[in-house]
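Single-letter residue listing:
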Amino acid sequence: MDDQRLVKECLKGKAAAQKQLYDRFAVPMMAVCYRYTKSVADAEDVLQEGFIKVYRYLEQYKSQGELGAWIRRIMVTTAINFLKKNARYQSEMVFSETQLHAVPATNPQIRLEAKELADLIRQLSPGYQTIFNLYAVEGYSHPEIGSMLGIKEGTSRSQYARARALLTQWIEQENQPKNVVYAK
Amino acid sequence: MQNEFEKQVQKKLEELKLHPSAPVWQNIKKEIAPGKDRKRILFWLLLGAVVTTAGFYLLEMTPAAKMVSANKQGFSPARHPGTNTIVKPQPAPTRRTGDTTDRVVLPAAPARNSTGAWQHTAVTKERLSTDVSVSTMPPPEVQNFGALNTRRKADDPPIGIPARKASSAEDASGKNRTGNSVHPKPAEAAPQPGDSATTLLADSAIAVRKVQDELLEQDSLATPAGQRKTRKLIAVIHASIGRSKLASGLALFDKNFADYFSAPGSSSGFPPSNGLPPAGAKPGLSFGAGLSVKKTLNRHLSFSGGLDYNFYSTRISTGQRIWNDTVITSGYGSVPLRSYYQNTNATGHSYANKFHFISLPLRLEYKISDRIPLSITAGISLQQLVSTNALIYHSTGQFYYQDKKAFQKSQLFSEFGISYGCRRFSLGPSLQYGLTKTMRQGNGNKHLFTAGLKAGFVLNK
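Residues numbered from 1 in each chain as written. Chains lettered and ligands numbered in written order. Predicted model: local features only at pLDDT ≥ 70, side-chain atom pairs only at ≥ 80, totals over all residues. Heavy atoms only, no water.

Asker: Just give me the short version of helix α2 (residues 22-32) of chain B, but keep the residues and values in it.
Answerer: It helps to recall that an α-helix has 3.6 residues per turn; residues three or four apart then point in one direction. All names here are of chain B. For α2, every residue scored as buried is listed here: V24, W25 and I28. Taken down its axis, α2 places every buried residue within 90 degrees of arc, on the same side. The exposed residues of α2 that point more than 90 degrees off its buried face are A22 and K30. (Buried < 20%, exposed > 50% of the residue type's maximum accessible area, 1.4 Å probe, protein only. Helix = DSSP H or I, 4+ residues; strand = E, 2+ residues; numbered from the N terminus. Arc of directions from axis to C-beta.)

So this is what it looks like as structure tokens:
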């Protein structure tokens with residue numbers, strides 16, 4: 001069933017279509033939510049809330065681009081709102097005006113598995129993690145990130161530079177061969 | 001501009017597949033199930049029940065219903081033994097001049113017919129002389145006053161039909177005083193052709209007596225006091241007009257309060273803001289109308305419930321309306337838009353944020369004193385937002401947009417008022433304050449507040 005027909009069936013309230021919509025997009029969206037949060041439980045909470053909004057606002061979709069992209073945007077904003085409202089993340093979602101950091105020129109080769117890379121990103125502080133996900137993974141521009149998070153464009157650039165620097169450093173460390181001590 | 005590193009990250013993370021646990025879908029299914037509309041259905045069912053009940057009470061108290069209940073109870077004057085029925089004095093009989101003498105022949109003693117009903121016979125006139133004359137004397141309505149002094153028994157003949165009594169002009173033998181035989185009286189049973197006027201009068205008098213008899217028969221069933229049932233349920237229609245605004249918590253008159261609707265900001269793909277703060281909203285027109293049923297609890301206190309329509313509004317100043325199909329994201333999630341309004345900080349067009357509510361009010365009214373018709377009213381009302389065009393300010397993108405889902409559909413309001421009553425009318429100031437926040441979620445503690453004048457008219461005092 002193509003996206004258009006699937007949406008129509010869901011709007012008619014057909015449970016089978018609603019389940020099919022969930023099955024089609026739950027796995028990739030869970031990965032999105034996982035990257036923004038610090039635990040699987042939090043990721044599932046965001047996924048659940050996001051899909052509820054998808055079904056609630058589905059009548060407003062109106063074929064604006066791909067259905068997957070539309071759902072992904074809802075998941076991202078749901079994740080950001082979750083971080084802002086959740087007490088565990090609130091204190092770390094403060095984006096202070098720091099000294100501008102230059103974006104490092106290094107482009108290390110990523111030899112990690114997808115999950116390992118995602119776990120490295122999740123090791124960043126929530127602020128860095130969010131900005132890195134929005135810029136590097138979702139493809140938002142710094143002005144857009146600034147309006148989404150309520151920060152200035154310059155702050156977004158600075159925070160991203162710092163996050164990228166940390167991440168590339170960790171990736172390079174992971175890329176280095178492990179020192180193996182041979183017994184004599 | 002993304003470089004190779006970002007592209008690698010994107011490509012790598014596209015391979016990431018994570019499966020959510022089973023309870024996630026179960027929870028989603030529960031949320032999107034039709035049962036979520038149950039609250040709305042229950043609200044309208046309750047509303048329908050209240051309106052139907054109010055309608056029944058109103059019908060019960062209509063004048064037609066009053067008359068029927070009064071007839072059932074039997075309206076009649078109180079009867080006590082020993083009183084006489086009021087008798088309309090009969091005009092004196094007129095006699096024609098001459099040698100003719102008219103004699104009133106009283107009807108024979110009434111008898112029961114085969115069905116057991118009393119037979120009424122007409123009063124006739126017999127001419128004692130050869131001249132024919134017509135008596136204008138109407139048949140007597142009551143002849144035997146003595147019979148009325150005793151309580152009428154069920155088996156007694158209907159009052160008004162006197163027992164046959166030999167007149168002074170007639171002796172037991174049937175002869176009159178002059179010794180002349182009394183002519184046979186076929187007319188006693190049937191009216192004579194010449195006596196049509198008398199017959200008509202007699203018939204009408206008998207008809208009147210019949211009605212009186214029926215009422216008197218019901219007299220024994222009448223309520224001892226013969227009182228009218230006092231009305232305890234009163235229907236009132238009322239209307240109000242005033243001004244409404246947003247209030248921050250209980251700070252109803254805080255001039256520094258930024259009284260506009262705002263959403264937690266986030267935007268995607270919108271043009272950069274112009275840096276202007278939004279203009280505050282100004283109070284707008286509010287009015288309401290409704291019907292309520294009031295029950296008197298005691299001399300001072302009464303309780304009422306009903307159905308109202310309420311309209312609130314605030315005024316803001318917006319810039320140009322931009323038509324552009326897009327999706328914005330905010331604290332309420334993704335909202336697709338067909339258009340939005342620019343922010344020009346009070347130098348643009350005036351826009352009215354309108355709210356239409358249907359409400360179920362419950363009020364207690366306390367009458368201060370019997371001498372002064374002044375009452376204090378306090379109550380609460382459950383109000384359901386049926387329609388709104390209110391704009392929400394997107395603080396990050398700095399524009400105004402519509403999102404009806406951002407507002408609380410069911411809101412609880414408190415009411416307070418003072419009214420001065422004059423006959424069926426009442427008039428006085430009234431306040432309403434929204435105990436529930438106007439918006440579902442978002443920054444600010446915003447409540448609708450209205451103040452104005454309220455007038456009432458009692459429908460069935």
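On we go.
Asker: Which residues make up the environment of L120(A), and what values do they have?
Answerer: All names here are of chain A. Structurally, L120 is set in helix α6 (residues 114-122). We classify L120 as buried; its relative accessible area is 7%. Not counting chain neighbours up to four residues away, the residues in contact with L120 comprise L112, L167, W170, I171 and E174. (Contact = heavy atoms within 4.5 Å.)

Asker: Can you break down empty space enclosed by the protein residue by residue, with the values?
Answerer: All names here are of chain B. Enumeration according to the criterion identifies 4 cavities of 30 Å³ or more in this entry. What the largest cavity holds in volume is close to 200 Å³. As for the largest cavity, its lining consists of 23 residues, of which S240, N310, S430, Q432 and T450 are closest to the centre. Contributions of two or more residues to the lining of the largest cavity are made by β3 (233-248), β5 (282-296), β6 (301-318), β14 (425-434) and β15 (446-458). Split by residue class, the lining of the largest cavity holds 9 nonpolar, 10 polar and 4 charged. (1 Å grid on protein atoms, 1.4 Å probe; cavity = no way out; pocket = protein on both sides within 12 Å on 5 of 7 lines; lining within 4 Å. Points joined across faces, edges and corners; volume = space filled by probe spheres on them. Nonpolar A, V, L, I, M, F, W, Y, C, P; charged D, E, K, R; others polar.)

Asker: How would you sum up the sheet that holds β15(B)? Please name residues and give values.
Answerer: Residue and element names in this part refer to chain B. Around the barrel, which closes on itself, the 8 strands sit in the order β3-β5-β6-β9-β10-β13-β14-β15 with antiparallel pairing between neighbours. Recorded for the sheet is a direction-independent mean angle of 25 degrees between the axes of neighbouring strands. Alignment of β5 against β6, held across 12 bridges, turns out to be antiparallel. Note on β6: the bridge partner recorded for L291 is L307. (Pairing = 2+ DSSP bridges. Axes fitted to C-alpha atoms, helices over the stretch in contact; angles between N-to-C directions.)

Asker: Talk me through the packing of aromatic side chains; I want residue IDs and the actual numbers.
Answerer: For the structure shown, the criterion picks out 16 aromatic pairs over all chains. Pairing Y312(B) with F413(B) gives two aromatic rings, centres 5.4 Å apart and planes at 0 degrees, and the pair type is stacked. Here F413(B) lies in strand β13 (residues 410-422) and Y312(B) lies in strand β6, a separation of 101 residues in the sequence. One exposure class covers both Y312(B) and F413(B), and it is buried. Taken together, the ring pairs connect Y22(A), F51(A), Y55(A) and W25(B) into an aromatic cluster. In this arrangement the basic side chain of R122(A) is found over the ring face of Y34(A), its NZ or CZ atom lying 3.8 Å from the centre. (Phe/Tyr/Trp six-rings, centres within 6.5 Å; stacked < 30°, edge-to-face > 60°. Lys NZ or Arg CZ within 6 Å of the ring centre and 35° of its normal.)

Asker: Describe the confidence of the model for chain B, listing the residues and the values that go with them.
Answerer: All names here are of chain B. Here chain B averages 68 in pLDDT, and 45% of its residues register 70 or above. Under a pLDDT of 50 for its full length, residues 157-179 has, in the predicted model, 43 contacts with residues more than four places off or in other chains. Below pLDDT 50 for its whole length, residues 181-191 participates in 21 contacts with residues either more than four positions away or in separate chains. Predicted as a complex, the structure gets a pTM of 0.41 and an ipTM equal to 0.87. (pLDDT = per-residue confidence, 0-100.)

Asker: Quick rundown of the interface of chain B and chain A? Include the residues and the values.
Answerer: Listed by partner, the interface residues are 44 residues for chain B and 55 residues for chain A. For the chain B face of the interface with chain A, the top three residues by lost area are F5(B), L18(B) and W25(B), together amounting to 16%. In this assembly, chain B and chain A are joined by 2 salt bridges. We note a salt bridge from K405(B) to E59(A), for which the minimum N-O separation is 3.7 Å. Linking chain B to chain A there are 9 residue pairs in polar contact (both at pLDDT 80 or more). Elements represented by at least two residues in the side of chain B that touches chain A include exactly α1 (4-13), α2, β7 (321-330) and β8 (333-342) of chain B. Per-element accounting of the side of chain B that touches chain A gives the leading share, 8 residues, to α1(B). In terms of residue class, the side of chain B that touches chain A is made up of 15 nonpolar, 19 polar and 10 charged. (Buried area = accessible area lost by both parts, 1.4 Å probe. Salt bridge = Lys/Arg side-chain N within 4 Å of Asp/Glu carboxyl O. Polar contact = N/O pair within 3.5 Å; in protein donor to acceptor, adjacent residues only side chain to side chain.)

Asker: Give me the nonpolar core: which residues, what numbers.
Answerer: One finds F51(A), W70(A) and F132(A) to be the most contacted residues of the largest nonpolar core, which totals 71 residues. It is helix α2 (residues 15-36) of chain A that provides the largest number of residues to this core, a total of 12 residues. Contact partners of F51(A), with chain neighbours within four places excluded, come to L21(A), Y22(A), F25(A), A26(A), M29(A), M75(A) and I28(B). (Core = buried A, V, L, I, M, F, W, Y, C linked by side-chain atoms within 4.5 Å.)

Asker: Tell me what's going on with the pattern of salt bridges, and back it up with residues and numbers.
Answerer: Summed over the entire model, instances satisfying the criterion amount to 15 salt bridges over all chains. K14(A) is the partner of E9(A) in a salt bridge, and the nearest nitrogen-oxygen pair spans 3.2 Å. According to the relative accessible area criterion, E9(A) is buried, its value standing at 12%. Among the residues examined, K14(A) registers a relative accessible area of 41% and is labelled partly exposed. Close ionic contact of R363(B) with E415(B) constitutes a salt bridge, the shortest N to O distance being 2.8 Å. In this pair, R363(B) is assigned in strand β9 (residues 349-367) and E415(B) in strand β13, connecting sequence segments 52 residues apart. Because the salt bridges share partners, they merge into one network encompassing E9(A), K12(A) and K14(A).

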